[in-house]
Amino acid sequence: MYVAARGGEDAIQHAEQFYQAMLGKLTPEAIQLIQKQLPFLLDKVIGEGSLYSPELAALALAQTGGDVYEAVLLLRAYRSTQPRLAYAEPVTAGEVLTVRRISAAFKDIPGGQVLGPTLDYSHRLLRLDVLDGIREDDAPPAPQAENPAPPTYPVVADWQRSQGLLPALDADQTEPAAVPDVTTDVVLFPAPRAHRLQALARADTGGVLALGYASMRGYGLIHPTVNELRLGYAEVGLRHPVTGEVFSAGRVRVSQAEVISSGGDDGKSSFQLGFAATLGWNEVKLIAASTLDMEMNNREPHPAHEEEFVMYHTEPVESSGFCIHFKLPHYVTFASSMDSVRKVISTFYTNDTPPPQSNHENMQQVQP
Amino acid sequence: MKLADLAQQRQDYSYAFLDAHAKRELRRRILKAIAIPGYQVPYASRELPIARGWGTGGLQVTLSLVGPESVVKVIDQGADDSVNAANLRRFITTMSGAKTTIDTLQATILQSRHRIPEEIMLEGQTLVLQVPDPEPLRGVTADMSKAHQLHADADYGQMWLLLYEQLVRYRQYIQGASYPSLVNGRYIISPSPIPRWDTPKLHQAAHLTLLSAGREKRLYAVPPYTNVYPLEFNDVPFQVEDQKGWVCKTTGVQNKFMNELPQEDGTSQYELSDSGYANKLADTAQSGATYYDDQGDFYHAGYLKPPVIPPI
């Protein structure tokens, strides 16, 4: 027997048509404009979607009218079915083509503080003159530097390691293809470090910020100092299948942060590092995420900074999806609760002693 | 000869959406779940083009089982025409070419949110339940790792304490849907947020039940002919929802699970929650055997017992 349940299907189709009509027509030009003009929004979606494709990210944003959670879901759902053709070589900070790199731990650092493109020291004033049609290229460009800045910079933490302030790093020899993958592995706790760092790289910016801020504000055990914050372009190094030579398949925008704090948990009087990196440029997320990374390394962190808590609750697709699922009908479960409440009321109250008005309070306070 | 002739035809998505690796993983996890009834098997859980929390766990199981010859029924709150059920059905059929039905007994795969149908499901059928929270111990420990340890030790003391406290406070169990149940004498499961009315249907069922939580990345199973008992003390039996005297306004049926529809005059009307069953009655006035008969008696005699209100 084939009977289509038409009522529901018509309703959802019409609702989507209504939405599309509201958004207007999607054109390649509009998508190129988003890609060009909103790089930081794009980077947020790229990082959380964990798929480096500015074009698809722009398409996702256009298709969802700028709803970031929906755009991230679109990218994730697309990504989840893509084959893994190759695994890139690891990206090392010292080789990233760096456009911005600062350290709050020192006045000056080897290679110098590089402000790069940033709004950090701008006045947050709305440029109302733009509305009057004054074009942006009317403003004078920054003067040309006398000497071009170098493309790469040394790593601040390497200096601290050479001073014995940080423990030496064990070079991880894991093959790129063998690195644990949070998207295809079962995730159990305590999680492998790769899972944790991948989860933070994909995490919801707002969620990471909320938990990281709680740590910074006083619920955490540590005061993070930004040891190094770096924005740049990384070469995607692939190994040629025949020659074995590494070649660059392209460049991706990447960013990373390292925060440092005294008192490593191993009992030695050294510093400890928290680390986070992501596709795209997203400074606020990385400072919060690297703080959380360090917090999670400590024994008995605040419950909101435990690894399981952080990883579960900063997942953008899962948290947003579950939150909006409460829009779905729940009348069967609600009927089941009503049945329980009614039975309690009928057990404890008669017509002579009616229950108090609020059922919820009542459930908590009834005394036999 | 052109290069395009030799190349494989472009395919935007795999059959039934999931790639072969994901399907293989899911099928292995499902087999493990069947082998250890009630044990929550962790799995990687792919992102689907449906929001997380909207049935992606059930959907992944269905997509890993479905074939072109499958007949799929999808319900939400018992209804085939619910917008969410319609959306999932549309996705499954678009991606797999499977046929659909609203007849419970015709379905080879029945994916459901919050209900088990009224008609007794048969051997060979698979019921896929969407699960928001797979962890029955969530109420006593929110931490998945700790709950995992409690399951491993079959350390369910806190669950019994919870029930005892309910009896002390309210003289009855006050759990609504998702009533915690012991599977095969070993693992406590959340049967997903089905009403208590549906929980007994899992006991010694002829069909296979797969429960899957996509967001929480856990799946578990109740294999055919497995014991499932809701948690209850010997002297205070578990109770299903009391809907005695509720008559369906459309079919005139009683003693099936009903939706209560508030009326402007302060009264209520009732209608069958299981829309496929209601349709069948309307079309042919006949149906397959049901878990509860017209008097409201459950088909496993003696499984459900009359209520006992413990003395103060």
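For clarity, every value in this text was computed on a predicted model and none was experimentally measured. (Residues numbered from 1 in each chain as written. Chains lettered and ligands numbered in written order. Predicted model: local features only at pLDDT ≥ 70, side-chain atom pairs only at ≥ 80, totals over all residues.)

### Some thoughts on the overall build of chain B
For clarity, the threshold we go by: We count a stretch as a helix when DSSP gives it H or I for four or more residues in a row; a strand needs E for two or more, and each element gets its number in order from the N terminus. A radius of gyration in this sense is built from C-alpha atoms; the matching globule rule multiplies 2.2 Å by the number of residues raised to 0.38. For the purpose of contact definition, each residue receives a C-beta atom placed from its backbone, and two residues are in contact when these atoms lie within 7 Å.
Regarding its fold elements, chain B presents seven helices and 12 strands. In summary, chain B has a C-alpha radius of gyration of 21 Å against a globular reference of 20 Å for 312 residues, a match within 12%. Based on the C-alpha atoms only, the size of chain B along its principal axes is roughly 90 × 50 × 35 Å. By sequence separation, contacts in chain B at least 24 residues apart represent 65% of the contacts at least 6 residues apart.

### Examining the overall build of chain A
Selection criterion: We call a residue exposed when 12 or fewer other C-beta atoms sit within 10 Å of its C-beta, buried when the count reaches 20 or more, and partly exposed for counts in between; the C-beta positions come from the backbone.
Within chain A, the regular secondary structure consists of 14 helices and four strands. When the backbone C-alpha atoms are referred to their principal axes, chain A occupies close to 90 × 60 × 55 Å. Relative to its 368 residues, chain A shows a buried fraction of 33%. Sequence-distant contacts, at least 24 apart, represent 65% of the contacts inside chain A between residues at least 6 apart.

### Overview of the interface of chain A and chain B
Condition: Think of it as three bins: nonpolar holds Ala, Val, Leu, Ile, Met, Phe, Trp, Tyr, Cys and Pro, charged holds Asp, Glu, Lys and Arg, and polar takes everything else, Gly as well.
On the chain B side, the residues contacting the 43 residues of chain A number 57 residues. Only helix 1 (6–23), helix 5 (68–79), helix 12 (316–325) and helix 13 (331–348) of chain A provide two or more residues apiece to the side of chain A that touches chain B. The greatest single-element share of the side of chain A that touches chain B, amounting to 11 residues, is contributed by helix 13 of chain A. A breakdown of the residues in the side of chain A that touches chain B according to their chemical character gives 24 nonpolar, 12 polar and seven charged.

### Brief notes about the domain arrangement of chain A
Here is the rule: Source of the domain bounds: an automatic or database domain assignment.
Per the domain assignment, the segments of chain A are domain 1 (12–79), domain 2 (93–116 + 150–169 + 178–321) and domain 3 (331–365). Taking only C-alpha atoms, the centre of domain 2 of chain A and the centre of domain 3 of chain A are 51 Å apart.

### Digging into the packing of helix 3 (residues 39–49) of chain A against helix 4 (residues 54–63) of chain A
A pair of packed helices is captured by two measures, namely the crossing angle of their axes and the spacing between those axes. Residue and element names in this part refer to chain A. Worth spelling out the cut-off: Fitted lines through C-alpha atoms serve as axes, helices being fitted only where they are in contact, and the angles separating the N-to-C directions of these axes extend from 0 to 180 degrees. Roughly parallel covers angles under 35 degrees, roughly antiparallel covers those over 145, roughly perpendicular covers 65 to 115, and oblique covers all other angles.
One can describe the packing of helix 3 onto helix 4 by two numbers: an axis separation of 9 Å at closest approach and a directional angle of 100°. If you check the angle between helix 3 and helix 4, you find them roughly perpendicular. Contact residues: Leu-41, Leu-42, Val-45, Ile-46 and Gly-49 in helix 3; Pro-54, Ala-57, Ala-58, Ala-60 and Leu-61 in helix 4. When the residues that make up the contact of helix 3 with helix 4 are grouped by side-chain class, the tally is nine nonpolar, one polar and no charged.

### Considering the nonpolar core
Using the following cut-off: The term nonpolar core means buried Ala, Val, Leu, Ile, Met, Phe, Trp, Tyr and Cys residues held together as one set by C-beta atoms within 7 Å.
Formed by 114 residues in total, the largest nonpolar core has its most connected members in Val-45, Ala-57, Ala-60 and Leu-75 of chain A together with Leu-210 and Leu-219 of chain B. Every residue in contact with Leu-219 of chain B, bar those within four places of it in the chain, is listed here: Arg-29, Ile-30, Ala-33, Val-41, Tyr-43, Gly-57, Val-61, Leu-210, Leu-211 and Ser-212 of chain B. Within the second largest apolar cluster, 10 residues are counted, among which are Trp-197, Phe-257, Tyr-277 and Ala-278 of chain B.

### Some details on the sheet that holds strand 1 (residues 41–42) of chain B
Residue and element names in this part refer to chain B. So the rule is basically this: Between any two strands, at least two bridges found by DSSP are needed for them to pair.
One open sheet holds the seven strands; their spatial order is 1-9-8-5-4-2-3, and the pairing between them is mixed. Edge positions in the sheet fall to strand 1 and strand 3 (99–100), since each of these pairs with one other strand and no more. Alignment of strand 5 (residues 126–130) against strand 8 (residues 208–213), held across five bridges, turns out to be parallel. Residue Leu-127 lies in a different strand from strand 8, and its bridge partner there is Thr-209. Against the sheet, helix 3 (residues 56–65) engages strand 4 (109–113), strand 5, strand 8 and strand 9 (218–222), with an angle of about 150° to strand 5. Strands strand 2 (71–76), strand 3 and strand 4 of the sheet are contacted by helix 4 (residues 83–96), whose axis makes an angle of about 155° with strand 2.

### Looking at helix 10 (residues 283–297) of chain A
Residues and elements named next belong to chain A. Definition in use: The span expected for a helix works out to 1.5 Å for each residue beyond the first.
Given a rise of 1.5 Å per residue, 15 residues ought to cover 21 Å, and the 21 Å separating the end C-alpha atoms of helix 10 matches this to within 8%. In terms of burial, helix 10 is a largely internal element, 12 of the 15 residues being buried. Buried residues of helix 10: Lys-285, Leu-286, Ile-287, Ala-288, Ala-289, Ser-290, Thr-291, Leu-292, Asp-293, Met-294, Glu-295 and Met-296, and no others. For helix 10, the elements touching its buried residues are helix 8 (193–202), helix 9 (205–219), strand 2 (225–239), strand 3 (246–262), strand 4 (271–279) and helix 11 (307–313).

### Details of the sheet that holds strand 10 (residues 228–230) of chain B
Residue and element names in this part refer to chain B. Pairing within the open sheet is antiparallel, and its three strands lie in the order 7-6-10. Looking at strand neighbours, the two that pair on one side only are strand 7 (187–189) and strand 10, the edges of this open sheet. Direction aside, the axes of adjacent strands within the sheet are offset by 30° on average. Pairing of strand 6 (residues 181–183) with strand 7 involves three bridges; the strand directions are antiparallel. Among the inter-strand pairings, Leu-182 is bridged to a residue of strand 7, identified as Ile-188.

### Focus on the packing of helix 5 of chain A against helix 12 of chain A
Residue and element names in this part refer to chain A. Stated precisely, the cut-off is as follows: Helix crossings get a hand from a simple test, with the near helix turned counterclockwise from the far one by less than a right angle marking a left-handed crossing and a clockwise turn marking a right-handed one.
One can describe the packing of helix 5 onto helix 12 by two numbers: an axis separation of 10 Å at closest approach and a directional angle of 120°. Here helix 12 runs oblique to helix 5, going by the angle between their axes. As for how helix 5 packs across helix 12, the hand of that crossing is left-handed. On the side of helix 5, the interface is formed by Tyr-69, Val-72, Leu-73 and Arg-76, while helix 12 contributes Pro-316, Val-317 and Ser-320.

### Quick word on the pairing of strand 3 of chain A
All names here are of chain A. As paired strands, strand 2 and strand 3 are joined by 13 bridges and run antiparallel to one another. Bridging across to strand 3, Leu-229 finds its partner in Ala-257. Here strand 2 folds back onto strand 3 in antiparallel fashion, the turn holding six residues, of which Gly-244 has a positive phi close to 80°. When strand 3 meets strand 4, the two strands line up antiparallel, connected through nine bridges. The partner of Val-254 across the bridge, within strand 4, is Leu-279.

### Considerations on the confidence of the model for chain A
How we decide: pLDDT measures the predictor's confidence residue by residue and takes values from 0 up to 100.
Considering every residue of chain A, the mean pLDDT works out to 89; 90% of them sit at 70 or more. Here residues 359–368 of chain A scores under 50 on pLDDT; set against residues more than four positions off or in separate chains, the count is 12 contacts.

### Re the pairing of strand 2 of chain A
Two strands pair when backbone bridges link them, and strand 1 (residues 97–102) of chain A and strand 2 of chain A are joined in this way by five bridges, in the antiparallel orientation. Of the residues in strand 2 of chain A, the one forming a bridge with Leu-97 of chain A is Tyr-233 of chain A.

### Section: helix 5 of chain A
Count 3.6 residues to each turn of an α-helix, and residues three or four apart come out pointing the same way. Residue and element names in this part refer to chain A. Between its first and last C-alpha, helix 5 extends 16 Å over 12 residues, near the 16 Å set by a 1.5 Å rise per residue. If you check which residues of helix 5 are buried, you get Val-68, Tyr-69, Ala-71, Val-72, Leu-73, Leu-74, Leu-75, Arg-76 and Ala-77. In this structure, the buried residues of helix 5 make contact with helix 3, helix 4 and helix 12.

### Some words on the environment of Tyr-52 of chain A
Residues and elements named next belong to chain A. In this fold, Tyr-52 is placed in the loop between helix 3 and helix 4. Sequence separation between Tyr-52 and Gly-280 is 228 residues, and the spatial gap between their C-alpha atoms is 8.0 Å. Leave out the neighbours within four places in its chain, and Tyr-52 touches Ile-46, Val-252 and Leu-279.

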